[in-house]
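The primary structure of each chain is shown beneath.
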Amino acid sequence: MHNEHSDTHFQLRIDNGEHIEAKDYMPENYRKHLIRQMSQHAHSEVIGMQPEGNWITRAPSLRAKQILLAKIQDEGGHGLYLYSAVETLGVSRSELIEQLQSGKAKYSSIFNYPALNWADIGAIGWLVDGAAIVNQVSLQRTSYGPYSRGMVRICKEESFHQRQGYEIMAKMMAGTKDQQAMAQDAMNRWWWPSLMMFGPHDTNSPHSSDAVKWKIKRETNDELRQKFIDKTIPQAELIGLVVPDKNIKLNDNTGHYTISKINWDEFNRVISGHGPCNKQRINHHIKYHNEGEWVREAAIAFKKKHTKKELETV
Ligand code: ACO
């Protein structure tokens, strides 16, 4: 049912801070907006396993390997919670995967950059997961119930991820000159792409006005980016890392750091499929998704058998 009355009532519920649940009335565009954002979020979690997965066999100690394995498994789990939450909106998992593999659905720009060495694993945990948390803490209060509840759980795990990354960076900065140089090089390469994770400037963000009106977004792209910048620069300085931006300045009046202009050409190149690893990431996903076909078939066959048995015993 769609009529003006339902839309007004829906907006009143949003304005009152209520959660919208799967079976509640929602305007079609709200549903579509959520499917787009939540599925892209799920894809990001799953594709995000690739740059780190590459380092499991080369982790420098058993402890480091265990932590990295646990973290990557968490990311896979986040993808699954999010896919399940999207499915409550009436779209199938296979449809979502098809959108990812055909390039119709995006995933976070950040996962199109390569993880070249162990310091990158530190930088990914600290900066990439650090940026993800700032965004996701805010999304805990998003208006769609299943998304909001998923975020609460995801944030708990994400803060462990950020800390493990920062620990790697701190350890390297307390190490040899070569280790310090590796950590600084990783910082130089991951800093700017991490800032791009928050999306275009608010003035250039087509989805923001609906997202804010419907309280899908509780803070804007620029507000969240600023929070991340303000939190992260002191963390870098504490362990002796230099932020790769000569124009960084703390504004004493506002308490916020100002930074140089972000390279939006690079961002646009990466999100339109021309980043350093876009093709590799999608080809890898397609390969392993196809190889996993038998697992999905076995799960369906098992479910059928089980349901038949249940029916026979009724
Ligand atoms: N990477 C790839 N695409 C992006 C990015 C990015 N960093 N930022 C914006 N975009 C895309 C949007 O998806 C949109 O494209 P679309 O119309 O094809 O969907 C376009 O750029 C315009 O951007 P906005 O209007 O600002 O889009 P939106 O309001 O959706 O804001 C944001 C983007 C902030 C990423 C939002 O979708 C969001 O909060 N998503 C949930 C969090 C998330 O996905 N995190 C993933 C990384 S964290 C992790 O996985 C560990």
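The sections below set out a description of the structure shown in this document.

Reading guide: rules and limits
Residues numbered from 1 in each chain as written. Predicted model: local features only at pLDDT ≥ 70, side-chain atom pairs only at ≥ 80, totals over all residues. Heavy atoms only, no water. Helix = DSSP H or I, 4+ residues; strand = E, 2+ residues; numbered from the N terminus. Rg over C-alpha atoms; globule rule 2.2 N^0.38 Å. Buried < 20%, exposed > 50% of the residue type's maximum accessible area, 1.4 Å probe, protein only. Contact = heavy atoms within 4.5 Å. Areas by Shrake-Rupley, 256 points an atom, 1.4 Å probe, with all protein chains shown as cover. Lys, Arg positive; Asp, Glu negative; His and termini not counted. Charge placed at Lys NZ, Arg CZ, Asp CG, Glu CD. Near = heavy atom within 4 Å. Polar contact = N/O pair within 3.5 Å; in protein donor to acceptor, adjacent residues only side chain to side chain. 1 Å grid on protein atoms, 1.4 Å probe; cavity = no way out; pocket = protein on both sides within 12 Å on 5 of 7 lines; lining within 4 Å. Points joined across faces, edges and corners; volume = space filled by probe spheres on them. Nonpolar A, V, L, I, M, F, W, Y, C, P; charged D, E, K, R; others polar. Phe/Tyr/Trp six-rings, centres within 6.5 Å; stacked < 30°, edge-to-face > 60°.

**Observations concerning the overall build of the protein**
Phase 1: Secondary structure summary: the protein contains 13 helices and two strands in total.
Phase 2: The globule rule puts the C-alpha radius of gyration for 314 residues at 20 Å, and the 21 Å found for the protein is close to it.
Phase 3: Considering only C-alpha atoms, the protein reaches an extent of 70 × 45 × 35 Å along its principal axes.
Phase 4: Out of the 314 residues belonging to the protein, those deemed buried represent 46%.
Phase 5: Long-range contacts, defined as pairs at least 24 residues apart, comprise 77% of the intrachain contacts of the protein with a sequence gap of at least 6.
Phase 6: When the accessible surface of the protein is totalled, it reaches about 16700 Å², and 56% of it is carbon and sulfur.
Phase 7: Between the centroid of the 40 positive side chains of the protein and the centroid of its 37 negative side chains there is a distance of 3 Å.

**Digging into the site of the ligand**
Phase 1: In the vicinity of the ligand, 27 residues are found, and the nearest of them are Lys 106, Ser 109, Ser 205, His 207 and Lys 217.
Phase 2: At a separation of 3.2 Å, a nitrogen atom of the ligand approaches a polar backbone atom of Met 197.
Phase 3: In the model, an oxygen atom of the ligand is placed 2.7 Å from a nitrogen or oxygen of the His 207 side chain.
Phase 4: Here the ligand, which alone exposes 940 Å², has 89% of that area covered by the protein.
Phase 5: Elements with a minimum of two residues in the shell around the ligand: helix 2 (28-47), helix 6 (118-139) and helix 11 (264-274).

**Focus: the layout of surface pockets**
Phase 1: Taken as a whole, the largest pocket holds about 1200 Å³ of empty space.
Phase 2: Lining the largest pocket we find 48 residues, and of these Arg 36, Gln 37, Gln 40, Ser 108 and Met 197 sit closest to its centre.
Phase 3: At the level of elements, helix 2, helix 4 (62-87), helix 6, helix 7 (145-173), helix 10 (221-238) and helix 11 are the ones that each hand at least two residues to the lining of the largest pocket.
Phase 4: Split into classes, the residues belonging to the lining of the largest pocket amount to 19 nonpolar, 17 polar and 12 charged.
Phase 5: When its volume is computed, the second largest pocket comes out at roughly 530 Å³.
Phase 6: Taken together, 17 residues line the second largest pocket, and the ones lying closest to its centre are Val 46, Met 49, His 285, Tyr 288 and His 289.
Phase 7: Taken together, the residues that form the lining of the second largest pocket break down as nine nonpolar, six polar and two charged.

**Details of the environment of Arg 58**
Phase 1: Of note, Arg 58 is situated in the loop between helix 3 (49-53) and helix 4.
Phase 2: Between the C-alpha atom of Arg 58 and that of Asn 117, which follows or precedes it by 59 residues, the distance is 9.3 Å.
Phase 3: A distance of 2.9 Å separates the side chain of Arg 58 from the backbone oxygen of Asn 54, its partner in a polar contact.

**Some details on the packing of aromatic side chains**
Phase 1: If you walk through the whole model with that rule in mind, you get seven aromatic pairs.
Phase 2: Taken together, a centroid distance of 5.3 Å and an interplanar angle of 90° make the contact between Trp 264 and Phe 267 edge-to-face. One end of the pair, Trp 264, and the other, Phe 267, are both in helix 11, three residues apart, so they sit about a helical turn from each other.
Phase 3: Taking the relative accessible area as the measure of exposure, Trp 264 reaches 15% and is therefore buried.
Phase 4: In this structure Phe 267 comes out as buried when scored by relative accessible area, which is 7%.
Phase 5: An aromatic cluster of at least three residues, connected via ring pairs, comprises Phe 10, Tyr 30 and Trp 214.

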